[in-house]
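# Examination of the molecular architecture
Letter by letter, the chains look like this.
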Amino acid sequence: MATDGLITVTSKVGPQETLRRLENAITARGMTIFGRVDHAAGARDAHLDLRPTDLLIFGSPKAGTPLMQMDQTVGIDLPLKALVFQDAEQRTIIVLDDPAWIARRHRLGEAADPLVGKMKSLLADVAAEAAAT
């Protein structure tokens, strides 16, 4: 599943364990978890069914602020988000915001490239750690 602006990783463990590992990997790297949304719980409250689906909102002002200094509209896309869900085939999927897409969306240009590259590398490490067996 390839969607512009998203990085998708298949986890080798279940959704709750993946989410736990993702939270640990994020905080271990000095980032802050600003919030968590349990979409499945919201669905249950509305008497609807939804497979496990959790949204994690996280980031680092040290990384995000320089992008917002280039163009404050970047704030609509920050902090970053990660969605952990179980698909119809019982696979656990991690979907992350792609910092390169955010930079393109806001036309930040080449000045953002070094920071965006670091952010992408960090997200790849975090996702790999959360998805590994």
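Structure's up top.
These notes cover the structure that comes with them. (Residues numbered from 1 in each chain as written. Predicted model: local features only at pLDDT ≥ 70, side-chain atom pairs only at ≥ 80, totals over all residues. Heavy atoms only, no water.)

With 28 residues, the main nonpolar core has Leu-22, Ile-26, Phe-58, Leu-67, Leu-80, Ile-94 and Leu-96 as its most contacted residues. Those elements giving two or more residues to this core turn out to be α1 (15-28), β3 (53-59), α3 (61-70), β4 (80-86), β5 (92-97), α4 (99-105) and α5 (113-131). Looking at which element gives the most residues to this core, the answer is α5, with seven residues. Aside from chain neighbours lying at most four places away, what touches Leu-80 is Leu-56, Ile-57, Phe-58, Asp-97, Ile-102, Met-119 and Leu-123. (Core = buried A, V, L, I, M, F, W, Y, C linked by side-chain atoms within 4.5 Å. Buried < 20%, exposed > 50% of the residue type's maximum accessible area, 1.4 Å probe, protein only. Helix = DSSP H or I, 4+ residues; strand = E, 2+ residues; numbered from the N terminus. Contact = heavy atoms within 4.5 Å.)

With that settled, the discussion passes to the packing of α1 against α5. Closest axis-to-axis distance for the α1/α5 pair is 8 Å, and the angle between their directions is 140°. α1 and α5 meet at a crossing whose hand is right-handed. Along the contact surface, α1 presents Thr-18, Arg-21, Leu-22, Ala-25 and Ile-26, while α5 presents Val-126, Glu-129, Ala-130 and Ala-131. Looking at side-chain class alone, the contact of α1 with α5 contains six nonpolar, one polar and two charged residues. (Axes fitted to C-alpha atoms, helices over the stretch in contact; angles between N-to-C directions. Left-handed = near helix turned anticlockwise from the far one by under 90°. Nonpolar A, V, L, I, M, F, W, Y, C, P; charged D, E, K, R; others polar.)

So, on to the environment of Leu-67. Along the chain, Leu-67 falls in helix α3. Put simply, Leu-67 and Asp-97 are 30 residues apart on the chain and 15 Å apart in space, counted from C-alpha to C-alpha. Ignoring anything within four residues of it in the chain, the contact list for Leu-67 reads Val-74, Leu-108, Ala-112, Leu-115, Val-116 and Met-119.

Turning to the sheet that holds β5, a few remarks are in order. Reading across the sheet, the five strands line up as β1-β5-β4-β3-β2 and stay open at both edges, with antiparallel pairing between neighbours. Edge positions in the open sheet fall to β1 (6-11) and β2 (32-38), since each of these has one partner strand only. For this sheet, the mean angle separating the axes of adjacent strands, direction not counted, is 20°. When β4 meets β5, the two strands line up antiparallel, connected through five bridges. Residue pairing in the sheet places Ala-82 in a bridge with Leu-96 of β5. (Pairing = 2+ DSSP bridges.)

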